[in-house]
Structure formats: structure tokens, C-alpha cells
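Below, each chain spelled out in residue letters.
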Amino acid sequence: MPRSKKFRRARLIVIVLAVLLVAGLGYGGYRGVAAVRASFPDVNGSVKVPGLSAPVDVERDANGIPQLYADTPEDLFRAQGYVQAQDRFWEMDVRRHITSGRLSEMFGSGQVETDSFLRTMGWHQVAQQEYDTILEPETKAYLQSYADGVNAWLTEHPGGESASLEYALLGVANGDYKPEAWTPVDSVAWLKAMAWNLSGNLQEEIDRSLLSQDFSADKIAQLYPDYPYDRNGTIVKKTGTVAGDTYKPADGSTAPPAAPAGATAQGAVAAEGLLKDVADRIDAMPQLLGRQGQGIGSNSWVVAGSHTTTGRPLLANDPHLGPGLPSVWYQMGLHCRAVSAACGYDTSGFTFAGMPGVVIGHNNNISWGFTNLGADVTDLYLEKVTGPDTYLVDGKDVKFGLRKETIKVAGGEDRTITVRTTQSGAPLISDPSSEQRKVGTYAPNGNAAPDRGTTGYGVALQWTALTPGKTMDAVFKLDRATGWDDFRAAAKDFAVPAQNLIYADTRNNIGYQAPGSIPVRGNGDGTYPSLGWDSSYAWKGSIPFSALPYSFNPAAGYIVTANQAVVDPTYKYLLTKDWEYGTRAKEITDQIELKLRNGGKISPDDMQSMQLDNTSVLAQTLVPLLLKVKINDPYVREAQGLLKDWNYHQDADSAAAAYYNGVWRQLLSLAFGQKFPADLRAEDNCLLVHAPSDPTKPDTSTTEIVTECGTRDPGKAQPDGGDRWMEVVRQQLTQPDSSWWTYIDADHHEQKGLDNLLAEAMKDARQDLTSLLSKDISTWSWGRLHTLTLREQTLGTDDSSIASGVVHKLLNRGPYQLSGGTAAVNAAGWNAAAGYEVDWIPSMRMVVDLSNFDASRWINVGGASGHAYHPNYNDQTALWAKGELLPWAYSAEAVEKSVRNKLVLTTG
């Protein structure tokens, strides 16, 4: 029986007081403190873990980072499950409810819409298929060992306050909830969440369709300009050729070992994805890897030993993901005491709570890093729905596949939904999504399209992640790889998400491989929705692995991947039409080239300093134009003067950086935001527009001026100011009379011309920063605007959250004043349509020294622990914000010197 509202409120007060006690914000006694600390893990002594064949040592340093030592791989992964559950089980439990579409079982009716969309996608179903039919027996055994370790911990902590403070908070609303046993499929399903957030150009495809209601195709093309191949280059500096289905490098690569056999082409791949209002629901729940769409990215680069001060390669990586607590990454070492064919793991790096193995890092032979490749692996399909269970293909009615999904709701009645899928397995995502219905209403459809009807078309979506794949196999293979051949064999299995894989080894080799399941299209190029009623638009299989680009020991002596184009348009296959625009990649490349000029060498310190480069590249073009504009108002001219001697560095203490970014935000609003339909503008962006006085008769009624507010979550609104927008503005700046420079000024008068718009942007920015900071520009700084708050995500962030605002404030950390900016190498990104708050960050940083792994460095945002008020909950963030890195002990000797706590897991 549900508890009374009075009881729940009283218990919440008690819990909040307990949190206050630990935070040092209130008075009280031992019991309140003990209630919060009861869930902190035991990190010393010994504990029995059933199923172990021999003891496993868990050695933690001052930051709580565990290094595990075992005799068998099964013991190693069983111990990994136990230790991750110690630190992060609440987070793991929430994540698996997200990936399986079962949030309503924990949080009640407020999550039914989110669950219905996730059930429509069927992440957990595909993960189950992978485990049942695709994954190697060895991988399945390791997944089961990991699950057994989690469940060994769960048996000791069956829920409630002893497991985590958050479970006590959950009990306020759902006192009957108890966590169920962990399964191997719960771990595999997390890969679908990774793939979703890194799935390429889905948001761009949606936005183009929504822009079609107001703009011509030519106008839209100006907002999605071609990639600047000549200026920013590609990952493989000279695109190779594909003979048959075998890629041959042309960048000076030396001959590598024979590539693994090419993957055979598959049939049409089923896929689907979240879109605007659904993404907003997901954003209100714990972030997975951050907001989907442009902005998500990463930097990685590797320099050959011939160009380094150490004589061996150096490798750097910093994935750019959404911020939150607990941190996305989990640092860990997994070591077989005696490395052999039977126990081949001696690896250390970053992984995800809830998933065995190490995702990014190094072992005793190789190191590897990831950045998002950005391949277009999702396609929207417009479907002409002809009945409740039929749709049109090639002039004939075809039946949808139908399945029922029952959503259990804590404290409420079960809900049942019907999922409709096309013959290729793509679900009709417009059923649960209002934005997809709008896509169906406005998307271009060709001259021979069937009647759209009064409600538009249905919208289905294909996505490679909804075909079972072997990515979990790839993770274990990477962890025990001994060289380039092993590395490529692992990459062959890395189906989703499609990532740029960068490589270095102790034999002085460096390399790059593009992996992933990437579709071969029939008609269409993925930039607009495809025509579902015409079978010629169906996918024709996938690009064979043997044909995907790679590079091994290129002549340049370094490889940079920062989400730029992999290859130029001469490459045989289409990877995407929506690359990031290469600004960060060129900055990194230029710095490497500058250092190497005249025989210079690159040191580990150089690699670290490059990660902190916060230069605004576009400012080098835009600021001279801003300074040429004549400003008569001394109030605005005073701010304009800040730009005169600015070095274009976006330092946290820079007043010029604050003003420049303020001008940039206003420029985007005036030139583009004013003209966009409400579907793309932020909810608080309201404009005066002309509308029919009788909406039911738009063609005959008179018009009147009305206020029209945007409908999009500000964090996903446009123009967001990212790398694409910098390229848009760069190209439009060459056309001073472009129609994009026509705008409505503060007095509601139309004005034209670039100089006028720049003057208006400077005036508006002066007013904006005065209201946000001060009238006195000497007090301005970029960091005061550009702040990061790490928000606890797992309890929810919207009105349906179980936690009050007070609890969130106690669990959140920050704000931190940050340097950096959008499209800077130090990518502390922000959405110009929403404000200045940071919403993308380098989620971790690492620099690996292949000459001495113990000389490597790493840092995480947040910390090892998922327990609020634990000393390791957020102990790395302040160092991260300053650009510092921690020593990364790897060898048994170095780890032993760093040990602060040691726990022995013994046989049960």
C-alpha cells in the first residue's frame, strides 16, 4: 500500500537533514551522519565473494581508483562487478532501467512517455539477441562472471539505505522498490546508450526537415555548408583507394600486417532514434553521455617516437561528453597476476560503471583512444500509413510488424503500447513523438510522392545499433591486444558506435582505424528523410570492414582525430554528409607542425598543454571586422575596446573573451535565430510575428502581430553556435549584403547589412553582459559567465523527479568557472541559443607515454565514487578544471607505492 503523503514528507525531511549533517551545513549527532555514510564501501580487510577460485586483491590509491589483481579472467571480472557495485550500483541500476525502458518501475507515472519511446526502440531486446546469438562464448562467460560479482555485492546490500543514500530518497516515493539481480544483458544494453548518443547526424536530418517549412533547399544548404577539405584537412591526410573491397592507404603508410577478412554485406539494418521531445524527456532523467547531436565530440592524437622527447609514441585523448554526477567514466586497472594465454589481461584505463573490461586506455603492449567518427548510421523514413496496420511500398499495402509492450508503473496501473515496425524492422517513431509527426508534415518528399493527407506521413527510423553486433567482443579483444593485427581484429568487431580508433604500441608503431557498421544506401544521402514508399531508398547492406580507411605509420609521423572528415569525397563509400568542420583538428595539427618545424620534439608536457588550448579560431576572422565598425555610443565603444589587444584565448579571467562570446551569441540570434521556426528556437525565445487572424482559414483571413515563443528545450535549440555555425558565418562574412544580415532591431524596425548587424550585436552584448555581470567592464571575466555545474542526474531533473530542489543542490557540485569554449581544443562547450553555461566538457583527459606507462597521466571529472559526500565523489574536478593531470600508476611496483587501501576478496 502506498505510504501516506505526510509520512513521505516527514521521511524526506529526515533524509535531507542527514545530508545536511554530512555536508556540515547543520547540527546534529552521530546517527544522521551514520545514515548517510552507511553505504560507503569497505575498502580494507577482506570479504567473501562466492564463486572466486582464488583471492583477488583490490588496491586503491588516494583517489579511490581500484587496481584489481587476480589469477583467472573469470575471477578478475567477477571482482570488477563487485567493486563497481560497491562504488556505483545506484547509477548502474538507474542506467539499466533507462536502457530497458523501465524507469516507471522506479519513479512512477512521470516516466511513462520516456519508457514508451525506449520500448519502441527496443534497446534491451537487441542486447538480449546479441547475448543469445552473436557474442563469443568467452565474452558471455566474462559477462556472467561480472554479473555474479555485482550480485554478490547486492546480496549483502539488498536495497534501502545500506546500499545508497539515493535508495533512501527513492523510498520516499516508492517504498516497495527493491533492486533485482544484475544480468549480463544489463551490461550489453549500455552499448546501445553509447551508440544512441554517438549516432551521427540524426538531429541535423530532423532540423533540415523542420526548416523546410520556412526555407528553400538552397537557403537550408547555406546553413549546412560543405566541409572545408582544403583548409581543415582529413584524418588520413591523403585518401586512399578501394580496390574491390580492400582499402589501400595513400598517406605514406608502411605495409601493416594482413587485415582481418572483410565483413560480408548484410541486409537492410533496422534502426531508430530519439528526437526532440523524446530527447528532452531523456535529458530530464540521468544523462547517458550527454545531449545527442552536434557538439558531442572528442580529441585524440598520437605522435610517433621519432618526433617525441621520449623516443616512443605519445597518445592523448579527451572525449567530449555531457557533464553530470556521478561521472560518466570510471577509472580502473585489471591485472592478471601472471599474464599468459590463459589470463591475458594487464590493462588500465577508463570504463563505464555496469560494463566489464576497459574501454579506453592501455595494456602492457599497446594504447588506444576513441573519438566519434560521426558516420551517418541513422535514416528517417517517411511512411505513407494507409491503415492501422498497413503502409505503402511500391504501390502496394504492406503490413506493419506489431508487438505489445507493457510498462509497469510504480504506484499506478500498467500501461500497454503497440509498436509498429516496417518490413526492415524500423519502428514507427512518430507514434510516440510529436516532433516526428512534424517531420512527417514538413519534410520534402519529391514530386511523385503519395498524398500526405491531413496528418502528414508516419516516420520510421533505421539505426545500425538495432541489428545485433559484436562490440562487447571487441572490448575484451582490445584489452588483451598485443599489436596492430590484434587491434584491427578487435576493431572489426566494433560495430556501434562507429568510432575513430587511434593506436600506439611499444614497438614504436602508430596507427588509425575507422571501424563500425555503416550502411550502404540506395537512393538518398541521409541529409533528408528518405521515401519509405519507394524500395529503392532501402539500405543495401554495410561497408565491408576491409574497405574502411586506416593508416599505419604514416609519413607525417602523427595522426590527429578530432571529429573532422576521415576522407575526402574521392572515397568510394559515403560515410556521412555531416562531418564536424575540423576546427579543433586543424588547431592540434598546427601546434604539432609548429613544434616539429626545424627538428623539434614533442614532450608529454606538450601533449598536456595542447589539450588546454582554448583559442577561438573564428575570432581571428571576426574580431578585425568588429573593430572596423564605427560605434558612436561611448557605452558600447568601451566594450568594443576590450577586443583591441585580445590574443583570442578564452581564458576564464578574460574580459575580452566574455565580450566576444557575448557578441557571437547576439550575432547568431539576429542573423539566424530571428528567422527560424518556433520548432527550432528555445522555449524562452519569443518573437513578434505575423499570423493569420483566423488560423482555420490561413489563406483568406487577415494577419495580425502575435507573440510566438519557441518550443524546443534550450539545450537543443538552434543556432547553438557550434563548429557548423562558425563555418556558416565564416562563409557569409564574404557576402556583406547577404539576406542573412537582415534583422529586426530593438525598436522592431528592419535593418540590413553586415556592418549594421555587427553594431547591433555589440550593443546587445554590452547590455546582456551588463545585466549578467556588471556595468563596470573591469569586473568582467569569461569564467563568470562560462560556468559548469555538475548536476546529480540519476534522481531526475524535472518536475517529475523524486528529489526536491533542495536535495539536488546538496548533491550537485559547482559552479566552476572554466576557460575554453565551443570548437576550441579545450572544448568546454555552451549552446548560444540557451546561454553561457557549459554543457559539453572534456569528460576525462589522458596522456599515455609508451616509453614508460608509469609516466602516463590521467584525470576524471568527478571521481571514483558514486556516493554523495564520499571523499572520492568529486575529488578530481578541481584539478581537472585547472587542467592538471594525476599520475597514472600502472606497474605492480608503482601501484604498490600509491596504495592507500587494500581489500582482499576471498573465496566464498
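Residues numbered from 1 in each chain as written. Predicted model: local features only at pLDDT ≥ 70, side-chain atom pairs only at ≥ 80, totals over all residues. Heavy atoms only, no water.

### Quick notes on the overall build of the protein chain
And step 1. Summing up its helical and strand segments, the protein chain has 27 helices and 37 strands in all.
And step 2. The proportion of buried residues among the 908 residues of the protein chain is 63%.
And step 3. Partitioning the contacts of the protein chain with sequence separation of at least 6, the portion at a separation of at least 24 is 74%. (Helix = DSSP H or I, 4+ residues; strand = E, 2+ residues; numbered from the N terminus. Buried < 20%, exposed > 50% of the residue type's maximum accessible area, 1.4 Å probe, protein only. Contact = heavy atoms within 4.5 Å.)

### Details of the packing of helix 21 (residues 655-671) against helix 23 (residues 754-772)
And step 1. Closest axis-to-axis distance for the helix 21/helix 23 pair is 8 Å, and the angle between their directions is 125°. With respect to helix 23, the element helix 21 is oriented oblique. The interaxial crossing formed by helix 21 with helix 23 has right-handed handedness. Counted together, Ala 658, Tyr 659, Gly 662, Val 663, Arg 665, Gln 666, Leu 667, Leu 670 and Ala 671 of helix 21 and Leu 757, Leu 758, Glu 760, Ala 761, Met 762, Asp 764, Ala 765, Arg 766, Asp 768 and Leu 769 of helix 23 form the full contact between these two elements.
And step 2. Class assignment of the residues belonging to the contact of helix 21 with helix 23 gives a composition of 12 nonpolar, 2 polar and 5 charged. (Axes fitted to C-alpha atoms, helices over the stretch in contact; angles between N-to-C directions. Parallel < 35°, antiparallel > 145°, perpendicular 65-115°, else oblique. Left-handed = near helix turned anticlockwise from the far one by under 90°. Nonpolar A, V, L, I, M, F, W, Y, C, P; charged D, E, K, R; others polar.)

### Quick notes on the sheet that holds strand 24 (residues 550-552)
And step 1. Read from one edge of the open sheet, 11 strands run 1-37-2-3-8-9-10-11-19-20-24, paired in mixed fashion. The open sheet has two edge strands, strand 1 (45-49) and strand 24, and neither has a second partner. Neighbour to neighbour, the strand axes of the sheet diverge by 20° on average, direction disregarded.
And step 2. Pairing geometry for strand 9 (residues 346-351) and strand 10 (residues 360-362), over 3 bridges, is antiparallel. What sits directly across from Phe 350, in strand 10, is Ile 360.
And step 3. Relative to the sheet, helix 3 (residues 73-99) contacts strand 1, strand 2 (56-60), strand 3 (66-70), strand 8 (330-336), strand 9 and strand 37 (901-907), its axis offset from that of strand 8 by approximately 155°. (Pairing = 2+ DSSP bridges.)

### Some details on the packing of aromatic side chains
And step 1. Applying the stated criterion across every chain yields a total of 44 aromatic pairs.
And step 2. On the basis of an interplanar angle of 80° and a centroid distance of 6.2 Å, the ring pair of Phe 215 and Phe 676 is categorised as edge-to-face. Highlighted residues: Phe 215 in the loop between helix 10 (202-211) and helix 11 (217-223) and Phe 676 in the loop between helix 21 and strand 26 (686-692), separated in sequence by 461 residues.
And step 3. Their ring planes at 45° and their centres at 4.8 Å tell us that Phe 487 and Tyr 503 sit as a pair that is tilted. Of this pair, Phe 487 sits in helix 16 (residues 484-493) while Tyr 503 sits in strand 19 (residues 499-505); the two residues are 16 residues apart in sequence, bridging distant segments of the chain. Here Phe 487 and Tyr 503 have matching classes, each one buried. (Phe/Tyr/Trp six-rings, centres within 6.5 Å; stacked < 30°, edge-to-face > 60°.)

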